[in-house]
Amino acid sequence: MSKCEQCIVRQFSSLKALNKDELLRMAECKTSYTIKKGEPIFEEGEVTNGIYCIKDGVCKLSKLSDNGKDQIVKLVKPGELLGQRSMISDEPANLSAVALEDMEVCFIPRSEVMQFFTQNNQFSMNVMKTICEDLKGADDHMVNMAQKTVRQRLAETLIYLEDTFGKNDDGTLRIQLSREELAGMIGTATESCIRLLSELNKSTYIELIGKKIKLLDKNKLKRLT
C-alpha cells in the first residue's frame, strides 16, 4: 500500500482521489512492468482492458497515417495515466504507446478501475477532467498544424522538449527524438525537418552535436513561434 500511496502517479493523476482502502485494493491487483526503449506498451487497435500508470520514463503516443508515417500526438511523462479514454468508451486503443527510454509502468485491470468509478465521485470527475484536457490539447495541436509554419512548429517543439523534460549535463535535450520522430511530431517530411534543424544550427539558435540538440538561445526561438 505504501508504494501506491507514495507513487508519483498517485500524486499527479486521477488516482489522487483514491482513499487508503482503494489504494490497497489497487496495489493487490496491479501488475508492474519494465518496458525497454523502443518497445510498445500497447499498439493501435489493441484492446487494453485497463489503464497504465507511468511510474518512470517517457513514451510517445502516435498514430500511423495512411501513407505509413508515424504521427506523434503526445509525449507522456511520469505521473500520467494511459488508456483512460479507451477504457471508458470500451473501444480498442486509438493510438500506439511506445517507450522513448526505459520505463517502469503498472497496469490496473478495467474491472477494478470501474469499481472506483462507481464508488468514488471525485475519481470519476478527475478522469473526465483529464480526458477534457486531452481533447483541448488535441484541438490546440490541430490549430497549430493548420495555422503555424513548420519552422514555427519546430521551434515550439524544441522549447517544449527542454521545458518539459529538461537537459543533460552537456546542455543537450534529455529526450532525444530521432529526426523521423521529430518530423512526425511537427507534421512534416523528415528531409524538411533535417533542413530546418540545419538552418537553425547555422543561425546559432541551436547547436547540433551528432544526433543531439542543444538550445543556444531560447528567446530567439520563442520569437520564431
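Residues numbered from 1 in each chain as written. Predicted model: local features only at pLDDT ≥ 70, side-chain atom pairs only at ≥ 80, totals over all residues. Heavy atoms only, no water.

1. Observations regarding the UniProt feature "domain: HTH crp-type" (unreviewed entry) in the protein chain
Formally: UniProt positions are given in the numbering used here, feature names are shortened, and annotations may be inferred rather than shown by experiment. Helix and strand definitions follow DSSP, with helices as H or I runs of at least four residues and strands as E runs of at least two, each counted in order from the N terminus.
The UniProt record annotates "domain: HTH crp-type" (unreviewed entry) at residues 148-219. Taken end to end, residues 148-219 comprises 54% helix and 11% strand; its first and last C-alpha atoms sit 18 Å apart.

2. What about the sheet that holds strand E1 (residues 31-35)?
Sheet strands line up and pair through hydrogen bonds in the backbone, either parallel or antiparallel. For the record, the criterion: For two strands to pair, DSSP has to find at least two bridges joining them.
Spatial ordering of the open sheet is given by E1-E8-E3-E6, a layout of 4 strands whose pairing is antiparallel. Strands with a single pairing partner mark the edges of an open sheet, and in this sheet they are E1 and strand E6 (81-82). Direction of pairing for strand E3 (residues 50-56) relative to E6: antiparallel, over a ladder of 2 bridges. Across the sheet, Tyr52 pairs through a bridge with Leu82, a residue of E6.

3. Quick look at the domain arrangement of the protein chain
This is how the line gets drawn: Source of the domain bounds: an automatic or database domain assignment. We call two residues in contact whenever any of their non-hydrogen atoms come within 4.5 Å of each other. A 1.4 Å probe defines the accessible area here, and the buried area is the portion of it lost by two parts on being joined, summed over both. Salt bridges are identified by distance alone: a Lys or Arg side-chain nitrogen within 4 Å of an Asp or Glu carboxyl oxygen. N or O atoms within 3.5 Å of each other form a polar contact, as long as, within protein, one can give a hydrogen and the other can take it, and as long as residues adjacent in sequence are counted only when both atoms are side-chain atoms.
Domain annotation of the protein chain identifies domain 1 (8-126) and domain 2 (148-224). Taking the mean C-alpha position of each, domain 1 and domain 2 sit 28 Å from one another. At the junction of the two partners, domain 1 supplies 9 residues and domain 2 supplies 11 residues. Among the residues of domain 1 in contact with domain 2, Ile72, Leu75 and Leu100 are the three that bury the most area, contributing 47% of the side total. Glu181 serves as the salt-bridge partner of Lys60, at 3.2 Å between the closest nitrogen and oxygen. The tally of links between domain 1 and domain 2 comes to 4 residue pairs in polar contact (both at pLDDT 80 or more). Element by element, the count of residues in the side of domain 1 that touches domain 2 is highest for strand E5 (residues 70-76), at 4 residues.

4. Things to note about the sheet that holds strand E2 (residues 40-42)
Put simply, the test is: Working convention: axes come from line fits to C-alpha atoms, limited for helices to the stretch in contact. Angles between N-to-C directions cover 0 to 180 degrees.
Read across the sheet, 4 strands follow the order E2-E7-E4-E5 without closing on themselves; strand pairing throughout is antiparallel. Either end of the sheet is taken by a strand with one partner, and the two such strands are E2 and E5. The average undirected angle you get between the axes of adjacent strands in this sheet is 35°. Relative to strand E7 (residues 96-99), strand E4 (residues 59-64) runs antiparallel, the two being bridged by 4 bridges. Pairing of Lys60 across the sheet is with Val98, part of E7. Most of the contacts of helix H8 (residues 179-186) go to E5, to which it runs at about 90°, and overall it touches E4 and E5.

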